[in-house]
Amino acid sequence: MSRQYSLADQVARFERAKTEGNQRFLDIDSVYDGSFLKGKRVLVVGASRGLGLSIAKELVAQGAKTIVTCRGPSPDLESLGAEQIISGVDVQDNASIAKLAAELDAPVDVLIQNAGYFTEAAETLTTIDDKEDLKQIDVCALGPLRVVSALFKAGRLSNGKVVIITSQAGSAEWRTTQNKDEGGNYGHHMSRAACNIAAVLMSEELKKDGIPVVLLHPGFNRTDMTSKYSHIWDVEGAVDSSVGAKRVLHEIKVVSMEKTGTFVNCEDGLLIPW
């Protein structure tokens, strides 16, 4: 059966994959081949922990020329074997992003914009924290825009791919399923929706330069950032970030100008509606 769009109900999505024996969803190693990464210059912005760190580890294992960024010293990154570690990079700060662009001595084949922020506290209309909401928007939406702008102006994206790690939380259509009768977590969802529209606009602007921009929902990963949802990890099929990393890289392999501006679920490779 040919499908275009992924399923909004996360529990139903996971159950369908099990019922259908969908190895693409259930066992990424059955389809993943990271050999295409060997020798590629790949920059991971936000690689000090969680999914970003796992992506960096897999890139190094596959022989990619791995460049990583972090806000401060990171023992995990220092022991990774990356080609270059650029510390002091905060996607909220234009000066540090300019520093990143200046420290790259050549264009990258792939930019993976992973840095994100997810506040711990649950948010409803009675507990709105607009300062936290603005911080999430600053990191998750303006952050990717700042990074892509700086690297593009510095000539560091020539012939490269731009991949932005976003979230299914940015789909307005899916809110009536995933947040049915409850709403909430305004800053998180707003930041991801803003990220998505920024990426679509960037994809249009960069078409003339032949630079594809693709949005990837990495799937549900068991990380510090999602630990507030640990009680539903099992029923919704959350995976270790090492599995999530392979899901992301599997999709990066097929990023092209034909796919620019699309919003893809790395769990099943299907599109997410806006």
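Sequence order sets the numbering: in each chain, residues are counted from 1 along the sequence as written. Selection of residues for local features in this predicted model requires a pLDDT of at least 70, selection of side-chain atom pairs for listing and counting requires 80 or more, and totals for whole chains, interfaces and linings are taken over all residues. To get the side-chain values, all heavy atoms of the structure are used, and hydrogens and water are removed first.

We count a stretch as a helix when DSSP gives it H or I for four or more residues in a row; a strand needs E for two or more, and each element gets its number in order from the N terminus. Inspection of the secondary structure assignment puts Thr-124 in the loop between β4 (110–113) and α6 (130–153). When accessible area is computed with a 1.4 Å probe and restricted to protein chains, residues below 20% of their type maximum are described as buried, those above 50% as exposed, and intermediate ones as partly exposed. A relative accessible area of 36% means that Thr-124 is categorised as partly exposed.

Each assigned domain of the protein chain is listed here: domain 1 (63–103) and domain 2 (114–223). Summarising the inter-unit geometry, the C-alpha centres of domain 1 and domain 2 are found 20 Å apart. Buried area is calculated as the accessible area (1.4 Å probe) missing from two parts once they are joined, with the contributions of both summed. Between domain 1 and domain 2 the total buried area reaches about 750 Å² when both faces are included, carbon and sulfur atoms providing 70% of it. When the area that domain 1 buries against domain 2 is broken down by residue, the three leading residues are Val-91, Gln-92 and Ala-101, summing to 69%. Salt bridge criterion: a side-chain nitrogen from Lys or Arg within 4 Å of a carboxyl oxygen from Asp or Glu. Between domain 1 and domain 2 we count zero salt bridges in total. Residues of the side of domain 1 that touches domain 2, tallied by class, amount to four nonpolar, two polar and no charged. Domain borders in the structure are assigned automatically or taken from a domain database. For this classification, the nonpolar set comprises Ala, Val, Leu, Ile, Met, Phe, Trp, Tyr, Cys and Pro, the charged set comprises Asp, Glu, Lys and Arg, and every other residue, Gly included, is treated as polar.

Here we come to the environment of Asp-138. Within the secondary structure layout, Asp-138 lies in helix α6. Sequence separation between Asp-138 and Tyr-117 is 21 residues, and the spatial gap between their C-alpha atoms is 9.2 Å. Separated by 3.0 Å, the side chains of Asp-138 and Gln-92 make a polar contact. Polar contact criterion, stated in full: a pair of N or O atoms within 3.5 Å, where within protein one must be able to donate a hydrogen and the other to accept it, and residues adjacent in sequence count only if both atoms are side-chain atoms.

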